[in-house]
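Listed below are the residues making up each chain.
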Amino acid sequence: MGRLTDSTDKYFYKSENPGKTIIQIKEKRFVATHYPIYQERSFYGVSCFLEEEEAYVGVADRNDQEIGEDLKALFDNTYDVIYVSDHNGVTLRVSSACKELWGKEEHELIGRKVFDFENEGVFTPSITRLVLEKKEVVSVVQTTQTGKKLKVIGTPIKDQNGNIIRVVNVSKDITELSELQTELSEMRALVDQYKAELDELRKRESDKKTLVSYSLEMERVLTTASRVARVDSPVLIQGETGVGKELIADHIHAFSPRSEKPFIKLNCGAIPKELLESELFGYEKGAFSGAVQQKKGMFELANGGTLFLDEIGELYLPLQAKLLRVIQERELRRVGGTKAISLDVRIVAATNRDLGQMVNEGTFREDLYYRLNVLPLKVPALRNRMDDLAGLVLHFLEKFNHKYAESKKLSPNALNVLQGYHWPGNVRELRNVMERLVILTEGDVIDQATIEDYLFNERSRPSEKVVVNHIIPLKECVEEAERQLLSMVKKEYTSTSQMADVLKVNQSTISRKLQRLNLK
């Protein structure tokens, strides 16, 4: 090889950058491909490869042609769709699948700006535009005018100065996947709907296992209870002792939006007067003698759920005022505490007393009465819904047969006796009667005579002490009769208010006689 021309030195001999240079040696021109050589990280020189220009051009042409064919094959046959634009958003290359995806042939896309296509609705949004705006990789779902949905990843190609020179979008058709996801979402919604309906049916079925009702009167009560369950307003359930007021409260909570939250019950007539306030509102440590630690009250335990206040008429007047304040302000302070505690509690109250009459007598606050009586529910006595009796009898018979491993049955005329009874204790009394009959009846058949003996003869049969065989002081006779009567009533009723209602006297009279006869 001849000597290089002097001009070659300035092209590449001391250059630290690789490159190609056209040089001439005598009559021939060569393409010099040169690369820097480093020694111990210092530039040492260059390596150079010479190739005649004509041969190089021929190979280059062939390589360009082959590379172009390879690129086209890659664009057309790859699983993903490729879309290439320049830094101005002008389309440079696109896969042949463009017609199916965007409704445009290649020649209709190449050379035009993506912004125009976005404005025309060919695709929305333009991924190239987003990449040029954000100058970073963008991943978005694109919708096309042909109804396709594409998952597109747009990648910026930058030069050494950080300027975008190309934007390459890779798209995957997810139309079928999107449709499947939509169908799946619809199926899930349908399943959730069926599940909700099934849960409600289960609740109804579970509720019917406890609330046995066939009469029109009770169906009306349950329908109203289900309706008022949907709202958060206070409910006042009224009815005689033993009609099932607590079961109605259970029903309301079970069908309310709070059904998964706590359901706390408090019998206001079963707790001594001096303890009732701390039971309701809780107390702080040291609030009184014996308060060795902090305790939450029923209101706090029921927070987020429902608080059932049974025998609400037993609350004494000062506590009624505190209860009203808590209900209205939706906050409380524990006994001995100063910090206000926010509450979200739904109140359901129940009573067997006439609160309206108590308001007139001044024994129940009028403002509390109207605050509780927003949604009133009246549960009829068993004697006023005798259509339920047969179902209740069979329900309790099955329940206690199972509990005590018995197989007792009713004789054909036994039910007639039960239906002819007045049932002053309502469903609770019926339950107790059926339990006793299952336990004490000899043999497998509970007949008419057994029931009559228990319901009528035994209860009305006087003891020897009150059989008047000779003259005794009237006071002694009356006292013994009262003792036996109150002892009998105490076995079936838990509070003095219930006993007073059954015996048709004032509660104070009952309390005084129990004290005098030492029956407390």
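The structure under discussion appears in the preceding block.
Only a predicted model underlies this, so the values are computations on that prediction, with no experimental measurement involved.

J.: Just give me the short version of the pairing of strand 5 (residues 91-94), but keep the residues and values in it.
T.: As judged from the 3 bridges shared by strand 4 (residues 81-86) and strand 5, these two strands associate in the antiparallel manner. Looking at the pairing, Ser85 lines up with Thr91 of strand 5.

J.: Break down the packing of aromatic side chains for me, citing the residues and quoting the values.
T.: In this description, a pair of aromatic rings is defined by centroid distance and the angle of the planes. For the coordinates displayed, the defined rule picks out 9 aromatic pairs. Where Tyr83 meets Phe123, the ring centres are 6.3 Å apart and the plane angle is 90 degrees; that geometry is what we call edge-to-face. Placement of the pair is Tyr83 in strand 4 and Phe123 in strand 6 (residues 123-124), with a sequence separation of 40 residues. Judged on exposure class, the residue Tyr83 and its partner Phe123 are both buried. When the centroid spacing of 6.0 Å and the interplanar angle of 70 degrees are considered together, the rings of Phe117 and Phe123 count as edge-to-face.

J.: Please provide a residue-by-residue account of the nonpolar core, values included.
T.: Residues Phe299, Leu307, Leu309, Ile312 and Phe364 are the most contacted members of the largest nonpolar core, which totals 33 residues. Secondary structure elements with two or more residues in this core: strand 11 (263-267), helix 10 (273-281), helix 11 (298-301), strand 14 (306-310), helix 12 (317-329), strand 17 (346-351), helix 13 (355-361) and helix 14 (366-372). Here the element with the most residues in this core is helix 12; it accounts for 5 residues. Contacts of Phe299, omitting those with residues within four sequence positions, involve Leu280, Phe281, Leu307, Leu323, Val326, Leu332, Leu343, Val345 and Ile347.

J.: So what's going on with the pattern of salt bridges? Residues and values would help.
T.: Applying the stated criterion to the full structure yields 21 salt bridges. Arg353 is the salt-bridge partner of Glu314, the closest N and O atoms lying 3.4 Å from each other. Separated by 39 residues along the polypeptide, Glu314 in the loop between strand 14 and helix 12 and Arg353 in the loop between strand 17 and helix 13 bring together distant segments of the chain. Between Arg431 and Glu435 there is a salt bridge, with the nearest N and O atoms lying 3.8 Å from each other. On the criterion of helical spacing, the pair formed by Arg431 and Glu435 is a turn pair, its members being 4 residues apart in helix 17 (residues 426-440). Using a relative accessible area of 30% as the deciding quantity, one classes Arg431 as partly exposed. Each of Asp232, Arg258, Arg330 and Asp344 takes part in one network of salt bridges that share partners.

J.: Before we move on, could you go through the sheet that holds strand 10 (residues 235-238) and cite the residues and values that matter?
T.: Note on sheets: strands pair through backbone hydrogen bonds, and any given pair is parallel or antiparallel. Spatial strand order, 11-14-17-10-18: 5 strands in an open sheet with parallel pairing. Taken across any chain shown, the strands that pair with only one partner, and hence form the sheet edges, are strand 11 and strand 18 (375-378). Here the strands of the sheet are splayed against their neighbours by 15 degrees on average, with no regard to which way each runs. Inspection of the sheet shows strand 14 paired to strand 17 by 4 bridges, in the parallel sense. Pairing of Leu307 across the sheet is with Ile347, part of strand 17. This element, helix 8 (residues 216-228), spans strand 10, strand 17 and strand 18 of the sheet and lies at about 160 degrees to strand 18.

Analysis parameters
Residues numbered from 1 in each chain as written. Predicted model: local features only at pLDDT ≥ 70, side-chain atom pairs only at ≥ 80, totals over all residues. Heavy atoms only, no water. Pairing = 2+ DSSP bridges. Helix = DSSP H or I, 4+ residues; strand = E, 2+ residues; numbered from the N terminus. Phe/Tyr/Trp six-rings, centres within 6.5 Å; stacked < 30°, edge-to-face > 60°. Buried < 20%, exposed > 50% of the residue type's maximum accessible area, 1.4 Å probe, protein only. Core = buried A, V, L, I, M, F, W, Y, C linked by side-chain atoms within 4.5 Å. Contact = heavy atoms within 4.5 Å. Salt bridge = Lys/Arg side-chain N within 4 Å of Asp/Glu carboxyl O. Axes fitted to C-alpha atoms, helices over the stretch in contact; angles between N-to-C directions.

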